[in-house]
Structures are given as structure tokens and as C-alpha cells.
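# Fold and contact review
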Amino acid sequence: MHNDTQRCVRAVQSKDSRFDGWFFTAVLTTRIYCRASCPVVPPKPQNMRFYPTAAAAQQAGFRACKRCRPDASPGSPQWNERADVVARAMRLIADGVVDRDGVPGLSARLGYSTRQLERLLRAELGAGPLALARAQRAQSARILIETSALSMSDVALASGFASIRSFNDTVREVFALSPTELRKRAKQTTSSGTLSLRLPFRAPLCPDNLFGHLAATAVPGVEEWRDGAYRRTMRLPHGHGIVALRPMPDHIACQLTLTDLRDLSIAISRCRWMLDLDADPIAVDAQLSEDPVLKPLVAKAPGRRVPRTVDGAEFAVRAVLGQQVSTAAARTHAGRLVAAHGEPIEDPAGGLTHLFPTPEALAEVNPESLALPRSRRTTLLTLIGSLHEIDLGVGSDWERTRAQLAELPGFGPWTVESIAMRALGDPDAFIPSDLGIRVAAEALGLPSTPAALTAHASAWRPWRAYAVQYLWATGDHPINLLPQ
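For every chain, the first residue of the written sequence is number 1, and numbering continues from 1 onward in sequence order. Totals for whole chains, interfaces and linings use all residues, but because this is a predicted model, local features are given only for residues with pLDDT of at least 70 and pairs of side-chain atoms are given and counted only at 80 or more. Just so you know, side-chain values use all the structure's heavy atoms and leave hydrogens and water out.

## Some points on the overall build of the chain
Counting from the N terminus, the helices are DSSP H or I runs at least four residues long and the strands are E runs at least two residues long. Within the chain, the secondary structure is distributed over 23 helices and eleven strands. Radius of gyration here is computed from C-alpha atoms only, and the compact-globule reference equals 2.2 Å multiplied by the residue count raised to the power 0.38. Its C-alpha atoms give the chain a radius of gyration of 22 Å, near enough to 23 Å, the size a compact globule of 484 residues would have. Taken over the C-alpha atoms alone, the chain extends approximately 65 × 50 × 50 Å along its principal axes. Taken over 484 residues, the chain has a buried fraction of 56%. A separation threshold of at least 6 residues defines the contact pool for the chain, and within that pool the share at least 24 residues apart is 68%. Here the chain has roughly 20,200 Å² of accessible surface; of this, 52% comes from carbon and sulfur atoms. Per-residue accessibility, obtained with a 1.4 Å probe over protein chains only, is compared with the maximum for each type, and a residue is labelled buried under 20%, exposed over 50%, and partly exposed between these values. Note on contacts: a residue pair is in contact if any heavy atoms of the two residues lie within 4.5 Å. To be clear on the numbers: accessible area is Shrake-Rupley with a 1.4 Å probe, and residue cover counts the displayed protein chains and nothing else.

This is the structure in C-alpha cells:
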């Protein structure tokens, strides 16, 4: 996108918010960079330069605009649409891998040498992994400066900076303000352990199936719908957190309670991933609307997202528990597993009681304690024993993970594609054998057999996972309704 100069210029001149996060506009005369929808008078085209990431603009010596806050724009949708090494690297950097394991750790996860990875990222993004991680640390620092009453030394530590000096230098360089000046400009701060944030998204967004699905499938103790918000526990690298997410007209209101503030950027990234907030609904809906059967469904409720998960291993276990049973039964099975093997936590603001069990805790499950058919017990226990070998994280190789899952006993296309859709985040995952999809297809006059429906759905690629959301919406099921 950033290489198409004329298209970028048109987007800036029309202040088109659809392109926020797709590219960043640097202005040569002011040495600042903005999002496409910046409210200031657009600069002359000859003074514009375009970059694919905020990190690349910062590397080139530009600082963030104080009006449009480009560092807080939605992420580029292409990092969640692609399965190549650059996209996988971007997802892993957002999940904090560089901060935890360094560039060598990121390279090892991707199967490349450090030099190869550096070259690939610089060639496409204009910045290496360290610069990309630094830009993320700067954004985390800004959030803590503006929304908390933490001391600046605590903010620096929580944001992942190695020293106060590097923290001060980075904040001044990126935002053209000192940390103290940023805090003075903030409207409010809080001294409590809860951070209140706004998660932006590209409009339109249909919250019904997104929050309806999460609430209807919520595992007791781990997830709940309370006071108009979806709440859940999260296991994070330095501790655990509780998040409350509430749909608003132009953003998602997010309240985070963390045991360690170093997990802030990772928690935000996982919430955005779970709600599919970096999607490009205009592109998705435009293609799906080319099918005359889907067109009225899209027109009725545009902007449907794919509800995902904050933990791939957790969802894989839940997918097996949900094989050939109702949603209510799947919740019951998962709730029993959580109560017996999950880690207890305290939730003064609600009814959450546990973190979902780790693979290590699940390895201690007594098969006889599982109220499941023998074949499904075997499937679940085999999966649990394989979780350390199968990459179910955001940076996974989608096809390789699919192949590994398909080799496990009891893993058919429905289970594999459900995991690909909601854990791996493949936008083209498709489950034609799902009963709800087959019923919807038959009611709409689409082919109802899996093979025939798959052939028809080839025109929906690469957005078949979104087509699934529209097909599910034709049924009378609580996953399609925003809870009250």
C-alpha cells in the first residue's frame, strides 16, 4: 500500500480513516508522521513520504503527530491476513516475543537466521525487529503515562525499557514531549490497579456475533458476561490479568487489571487479536457481497468479525470438548476441567475464579475423571500430550499446524478448521461440515453437502472464515445476539 503514492495521497487528502494503520504519512517540512485521517490540513503531495509502519517512520527521523496520534491507530490488516514470514514476525513482535526472547528468540521461532529475518523485515517494512519492538514499547509507555499514576521509573520498567535514560530518550524522540509533559497533557490518570483504554477499530463493526459468540460459549470461572461487558482471565508472561471489553459505537472500551504491568502491550495485543479489531471489513464485505446469496446478509449487518481466542492451546482443548455436543455441554465439560485443574485467582469486580489450565496441569488429568466417550478421551489426552510440539500461537505456520493436527486421532476437518479459524486466525478457514453452516446453506439455497459447498465457496476466498460468520447469523442461536 505505502508504495502506491497516488493512492496514499488520495487517502490523506480525503482523510479516509479506512486507511489508518495501512500506512503512515511523514511530512518533510514538519518532520512529523500522521495517520491517513489526521484532521490537520493535508500537506502538499511533494512534501509527503509514506511508510508501512510507525517504526519505519521513526527510524527515518519523524516524530508522532500530537493531534492524530498515529501510534494508536488500528494495526495493518495485512499482518493478520498473511501466513508468510514477515506477517508471522509482526504478529509475534506484537505478542512481545522480542521483549521476552530477543531477536534470536524471534528468529528461532520462525526458523530463520537473525540476519535473514533482519533483511526480510527491512526490505518490506523499512525497520528491523528491534525498531518494531521499540515502537511498541513507546506506545505502551504512552498508555501508562497517560492513564496511570505510576512513577516514571515504574512506567519505564513496565514498558520494557532497559533504563530510565533510554525510556526518556525514546519518548522525547517519538512524541516530541518529555514523559512529564505527556502526563500533564493527559485528561486523567488513575491510581488503581485497573487501566481504562480505548481499542480502535475500522468501521463498520457488528458486535452481535462477536460478543454473542464469546458470551454464549464462555467457560464458567474463566469467562463471563457482566454489566454489558465480556470479561475473562488471561495467562500472561509475567503473571495474569483480567480484562473487561465493552462494545461502543466508535471503539471497544477496555479495562485491564494486571498483576504485572510489563504485560500491558501483550494483553492489549491479545485482546485486539481475540476481537479481530485489525480486520479490513470494507474489503471483506465487498468481496462477499459479490455472491447474490450473501449480499443481503452483509447489507443487513456489515462488519462481522471472527471471534478468536487469547490462548491457542486453550481453544484446541475446548474444540475437542465441543466435538458432537451442544454449546451448553461443551461449556459444562470445560468448566469441570477448569474447576479441577485451573489456577485459582481473585476477582473482586466479578465472578471469575480461575485461569484455564496449562498444558502441564492438563497432563495430570485422570482419564477416568472425564465424562466423555472413550474415543474422545483418547483424542483429548493425545492432544494434551502433543501441545508442546504443535505451534498454536499467533506466529504459527497455518498449513504446518493444520497437518500436525490432522495426524492426531479424532481430529477431522471440523476440529482442524475450527482451530485454524479461532486459534490460528486464518481468515480463509472454512467448516462446511458444521451443522449450523449446512442448515444455513440449505435454507439459503446454497449447496448443503460439504464438497459442493466448498466448491461454491471458492469465490469467497480468502475470506471464507467471515462468510461462516454471516452464515451462522441466519440461525436462531444466542451466539448471534449481543447479550443484554
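## Quick notes on the UniProt feature "domain: HTH araC/xylS-type" (unreviewed entry) in the chain
UniProt positions are given in the numbering used here, feature names are shortened, and annotations may be inferred rather than shown by experiment. If you check UniProt for "domain: HTH araC/xylS-type" (unreviewed entry), the listed places come out as residues 87–185 in our numbering. The span residues 87–185 shows a helical share of 81% and a strand share of 0%, and its end C-alpha atoms are spaced 35 Å apart.

## Topic: helix 20 (residues 413–424)
Across the twelve residues that make up helix 20, a large majority, ten, are buried. Residues of helix 20 that are buried include every one of Thr415, Val416, Glu417, Ser418, Ile419, Ala420, Met421, Arg422, Ala423 and Leu424, and no others. Of the surrounding secondary structure, the elements contacted by the buried residues of helix 20 are helix 11 (207–216), helix 12 (264–275), helix 15 (312–321), helix 19 (398–406) and helix 23 (464–472).

## Here's the deal with the sheet that holds strand 3 (residues 48–51)
DSSP bridges decide pairing: two strands pair if at least two such bridges lie between them. Strand order across the open sheet formed by four strands is 3-1-2-4, with mixed pairing between neighbours. Of all the strands in the sheet, the pair left with one neighbour each is strand 3 and strand 4 (63–64). In terms of strand pairing, strand 2 (residues 32–34) meets strand 4 through two bridges, oriented parallel. Within strand 4, the residue paired with Ile32 across the bridge is Arg63. The convention used is that axes are lines fitted to C-alpha atoms, helices contributing only their stretch in contact, and that angles between N-to-C directions extend from 0 to 180 degrees. Where helix 1 (residues 5–13) meets the sheet, it contacts strand 1 (24–27) and strand 3, and its direction lies at approximately 105 degrees from that of strand 3.

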